[in-house]
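# Reading the structure
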Amino acid sequence: MKLLPKPPFFEAGVKNYIFGDKVLELAKAADAAAIKYEIDTLFITPYTEIRRVAENTSRIIIVAPHMDILRPGRGVADILPEAIKAAGAKGVMINHCERPLSLAAISETIRRANELELFTFVCADSIAETRAVAHLHPDIINPEPTELIGTGATSDADFVLASIKAVKDVYPDIFVEQAAGITTGKQVYEVIMAGADGAGAASGIVNAKDPIAMIDEMVRNVRKAYDDIQKLKNFGSKI
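Now for a quick tour of the structure. (Residues numbered from 1 in each chain as written. Predicted model: local features only at pLDDT ≥ 70, side-chain atom pairs only at ≥ 80, totals over all residues. Heavy atoms only, no water.)

## Thoughts on the overall build of the protein
Cut-off, in case you're wondering: Note on conventions: DSSP H or I runs of at least 4 residues are helices, E runs of at least 2 residues are strands, and numbering of each starts at the N terminus. The globule rule used for comparison is 2.2 Å times the number of residues to the exponent 0.38, while the radius of gyration itself is calculated over C-alpha atoms. Three labels apply to residues, based on accessible area from a 1.4 Å probe with only protein chains included: buried if under 20% of the type maximum, exposed if over 50%, partly exposed otherwise in between. Residue contacts are defined here by distance: any two heavy atoms, one from each residue, within 4.5 Å place the two residues in contact. Only the protein chains shown count as cover for residues, with accessible areas throughout obtained via the Shrake-Rupley method and a probe of 1.4 Å. Positive charge is attributed to Lys and Arg, negative charge to Asp and Glu, and no charge count is given to His or to the chain ends. To locate a charge, take atom NZ for lysine, CZ for arginine, CG for aspartate or CD for glutamate.
Secondary structure summary: the protein contains nine helices and eight strands in total. Compactness check: the protein gives a C-alpha radius of gyration of 17 Å against a globular reference of 18 Å for 239 residues, within 12% of the reference. Burial statistics for the protein: of 239 residues in total, 51% are counted as buried. The long-range share in the protein, meaning contacts at least 24 apart out of those at least 6 apart in sequence, stands at 67%. Accessible area of the protein: about 11200 Å², with a carbon and sulfur share of 55%. The positive charge centre, built from 27 side chains, and the negative charge centre, built from 32, are 4 Å apart in the protein.

So this is what it looks like as structure tokens:
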């Protein structure tokens, strides 16, 4: 059975900004924040660190940054799905702008991941691509305009709302994350309050003055948004 996060969730990535022991240090910080605030937290881990992170954390949900669709056998330089699962990954990111795929390849990768009960976290660059990807029924879609990634400028409210609607109109059960340009806890709070199932950051964490404090701040703001949403629901039920 797939291990899917419970919304609202947080997602932290490191790309290739850091490596080795620094990845493990940040993973432990993400794990501590996930426990502290009782928020499911995805951690997109470099292939080389998947097993070590898995063996030294208990609450974060580990995601591989990519995989290929080959099966055990030939393919010496490809990323074998069975290998990332055996190392401890519970899901896989697909179609990040730094590793783009065609829709056909996205579809094949989703099918291959489903065979192994790895959940699929698919990135999309535009509303049109978001809608097209939704028809492939991944578990999570991350609509993020490429030009905003790593800039500190987030998607505007119109894009956030339109991308959520584009997904939910096709399959309401697909989770939608917003992550482009997020660098503060306040931005995390705002996208969750706008209706996103999750929020995420990579450069906004690792390039922060204090990455460990920043990951705590961001996860805390997911919790704050969750609590405020519950208050609004309870208030509405009493009217």
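## Brief notes about the pairing of strand E4 (residues 91–94)
Basically, it comes down to this: When DSSP finds two or more bridges between a pair of strands, those strands are recorded as paired. With strands facing away from the observer, any crossover in which the path from the first strand over the helix to the second runs clockwise is taken as right-handed.
A two-sided burial pattern is seen for E4, the buried positions comprising Gly91 and Met93 on one face and Val92 and Ile94 on the other. Relative to E4, strand E3 (residues 61–64) is paired through two bridges, and the arrangement is parallel. Bridging across to E4, Ala64 finds its partner in Val92. At this point the chain moves from E3, through helix H3 (residues 81–87), to the parallel E4, and the crossover so formed is right-handed. Note that E4 and strand E5 (residues 119–124) share four bridges and pair parallel.

## A short note on the pairing of strand E2 (residues 41–44)
Going residue by residue along E2, you find Thr41 and Phe43 tucked away on one face and Leu42 and Ile44 tucked away on the opposite face as well. By the bridge criterion, four bridges tie strand E1 (residues 9–13) to E2 in an arrangement that is parallel. Of the residues in E2, the one forming a bridge with Glu11 is Leu42. Here E2 pairs with E3 via three bridges, running parallel. Residue pairing in the sheet places Ile44 in a bridge with Val63 of E3. On the question of chirality, the crossover connecting E2 to the parallel E3 by way of helix H2 (residues 50–55) is right-handed.

## What to know about the nonpolar core
Applicable threshold: Only buried residues count toward a nonpolar core, which is a set of Ala, Val, Leu, Ile, Met, Phe, Trp, Tyr and Cys residues joined through side-chain atoms within 4.5 Å.
Core analysis: the biggest nonpolar cluster contains 58 residues, and Phe10, Leu26, Phe43, Ile84, Ile205, Ile215 and Met218 have the highest contact counts within it. Broken down by element, this core gets its largest block of residues, eight residues, from helix H1 (residues 21–37). Those residues in contact with Ile84, other than ones at most four positions away along the chain, are Tyr47, Ile50, Ala64, His66, Met67, Ile79, Ala89, Val92 and Leu118. Of all hydrophobic cores here, the second largest spans 11 residues; its members include Phe9, Val63, Phe121 and Cys123.

## Things to note about the environment of Val23
Turning to its location among the elements, Val23 is positioned in helix H1. For Val23, a relative accessible area of 0% translates into the label buried. Spatially, the C-alpha atoms of Val23 and Val53 are 8.1 Å apart, while their sequence positions differ by 30 residues. Once you skip the residues sitting within four places of it in the chain, Val23 turns out to touch Val14, Ile18, Phe43, Thr45, Pro46, Glu49 and Val53.

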